[in-house]
Amino acid sequence: MTGRIFHTSDWHLGRQLGRHRRDTEVDAVLDEIIEIADDFAPDLIVHSGDLFDTSRPGLDDLRRAAQALRRLGAIAPVVVVAGNHDTRNVLTFLEFILNGMGVGEGEQARIRFATDARPDGLLVVDYPAQDGELTLRIGALPYLHPNRFAYDFADPALTTATYAERLRTVQADVYRRLAAGRGARDVLVFAAHLFVEGALPSYSERKISIADDYATAAADLPDVAYGALGHIHKPQRVQRAGYPAHYAGSPLQMDFGESGDTKSVVLAEVGPAGTPRIELVPLTSGRRLVRLEGTLEEIAQRAGRVNDAWVKAVVNVEVPDPFLPDTLAKMLPRATLVAVDERRAGITESVPGQRETSTELPGIEELLLDYLPGRGTTGLALDRAMTALAHLQAEPDLDDPAPCCEETLLTAAIDGRPLDGLDRSGLLSGTDTTAAETTR
């Protein structure tokens, strides 16, 4: 007597590789995910966060998400957890659209979104298994931003505790709600978007969100039958959890930090007793990401094995070669060159001219990295400004018109004003609990 859970995560719809969109690959891997889910015939489908890559996804990516989730919802009920890249307003709108412009009284939505981490807003819902023998009870915890951790703590001292200590209390609340009134045939499931200590990142995740200060202990995870985790892009089991807790990972290799990862979805069969059955099914629709390093001659020896792939080349040269991109493009006719770097005696420089069409625009990070040094922001100050940008991108607060410390810091950097005199309290401490409630 078991319930079937299909687990996917971290689609990051809208994510580009350099200046290249990957719509064809994304559509193919979503079709593959839906086909696997259909064959598995689960009782519950869980998406553990980062549905989108940006807080304001484009219309194409909204449509892509809606179509994929609607197809999954036709197979089984779906629960989507808000990740650090997701915005509550966007997910709430998507939920409204997907459930036929609202759910009638007494009806249960086919697709649910966990966007509220407050004690009275946590998503805890029961789904009867298809065989009618047991019930899957899921508690879903959206991402809680370290700098904007808003929660109603019974103990006031916790408002100034470490991130891990506060998150331990939140997870205990989730477990209490899951276990309340639990019957002999209820199977508990925990879904969350967070960084568990010991997990192996791919380093394509935002670095600030996988820092040790923002890790939760594996022992603090609720004691359930299955843990559906998101946030880390490398598929893996959290070994120290004491039960099957898995990161499903991203469905595509997101950048060259993931070039060695095999992507997958998780099929879990769990029950009130007995040994859980967990299977990782590989995903094969994405193009490989290949990093080529060495002299031009050494790269030429490997070029025949690259085929259709995204390529980053780091070439050892003695003098700058303005024709290097063209040489590599002829050497790798089926590949797409994402970046070409020249390395000379310990110095690595990006080669210009990688933009394929005039309509491809650089991202804001690239623009700032080009602009800020000319305004006198370099070294540690530049690192601080880019960290502030990462914070703002990770957790926009669309309802709060007051500028936060990250906005103040970034504005000062753009204006060329010195950063040392600014009040940066809360920027990296993880103790700011005054911001308005957002997707956490």
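### Remarks on the packing of aromatic side chains
Okay, so step 1: Evaluation of the coordinates by the stated rule reveals 0 aromatic pairs.
Okay, so step 2: One Lys or Arg, Arg 287, reaches over the ring of Trp 310 and ends 4.2 Å from the middle of that ring.

### Things to note about the packing of helix H5 (residues 296-303) against helix H6 (residues 324-331)
To characterise two packed helices, one gives the angle between the axes of the helices and the distance between these axes.
Okay, so step 1: Where H5 meets H6, the axes come as close as 10 Å, and the angle between the chain directions of the two elements is 25°. One finds that H5 runs roughly parallel with respect to H6. Here the hand of the crossing between H5 and H6 comes out right-handed. Across the interface between the two elements, Leu 296, Ile 299, Ala 300 and Ala 303 from H5 touch Leu 324, Thr 327, Leu 328 and Met 331 from H6.
Okay, so step 2: Residue classes in the contact of H5 with H6 are distributed as 7 nonpolar, 1 polar and no charged.

### With respect to the sheet that holds strand E9 (residues 236-237)
Okay, so step 1: Strand order in the open sheet formed by 6 strands is E5-E6-E7-E8-E10-E9, and the pairing between neighbours is mixed. Whereas interior strands pair on both sides, the edge strands pair on one side only; in this sheet they are strand E5 (123-128) and E9.
Okay, so step 2: As defined by bridge partners, strand E7 (residues 186-193) adjoins strand E8 (residues 226-230) across 5 bridges and the pair is classed as parallel. Within E8, the residue paired with Ala 191 across the bridge is Ala 228.
Okay, so step 3: Sheet strands in contact with helix H4 (residues 163-179) are E5, strand E6 (135-141) and E7, and its direction is about 160° off that of E6.

### Examining the confidence of the model for the protein chain
For residues with low pLDDT, the predicted coordinates do not support detailed interpretation.
Okay, so step 1: Counting all residues, the mean pLDDT for the protein chain is 84, and 78% of those residues have values of 70 or more.
Okay, so step 2: Here residues 353-361 is modelled with pLDDT under 50, and outside its nearest four sequence neighbours on either side it reaches 13 contacts, counting other chains as well.
Okay, so step 3: A low-confidence stretch, residues 396-402 stays under pLDDT 50, and its non-local contacts, those more than four residues away or across chains, total 14 contacts.

### What to know about H6
Okay, so step 1: Along H6, the residues classified as buried are Leu 324, Pro 325 and Leu 328. Angularly, the buried residues of H6 cover 100° about the axis, an arc narrow enough to put them on a single face.
Okay, so step 2: In this structure, the buried side of H6 is in contact with H5, strand E14 (309-316) and strand E15 (336-344).

### As for the sheet that holds strand E1 (residues 3-8)
Okay, so step 1: Here we have 6 strands laid out as an open sheet, ordered E4-E3-E2-E1-E11-E12, and mixed in their pairing. The open sheet has two free edges, formed respectively by strand E4 (111-114) and strand E12 (277-282), since each of these has just one partner strand. Taking the axes of each pair of neighbouring strands and ignoring which way they run, one obtains an average angle of 20° across the sheet.
Okay, so step 2: As paired elements, strand E2 (residues 44-47) and strand E3 (residues 78-81) share 3 bridges and run parallel to each other. Within E3, the residue paired with His 47 across the bridge is Val 80.

Cut-offs and rules
- Residues numbered from 1 in each chain as written.
- Predicted model: local features only at pLDDT ≥ 70, side-chain atom pairs only at ≥ 80, totals over all residues.
- Heavy atoms only, no water.
- Phe/Tyr/Trp six-rings, centres within 6.5 Å; stacked < 30°, edge-to-face > 60°.
- Lys NZ or Arg CZ within 6 Å of the ring centre and 35° of its normal.
- Axes fitted to C-alpha atoms, helices over the stretch in contact; angles between N-to-C directions.
- Helix = DSSP H or I, 4+ residues; strand = E, 2+ residues; numbered from the N terminus.
- Parallel < 35°, antiparallel > 145°, perpendicular 65-115°, else oblique.
- Left-handed = near helix turned anticlockwise from the far one by under 90°.
- Contact = heavy atoms within 4.5 Å.
- Nonpolar A, V, L, I, M, F, W, Y, C, P; charged D, E, K, R; others polar.
- Pairing = 2+ DSSP bridges.
- pLDDT = per-residue confidence, 0-100.
- Buried < 20%, exposed > 50% of the residue type's maximum accessible area, 1.4 Å probe, protein only.
- Arc of directions from axis to C-beta.

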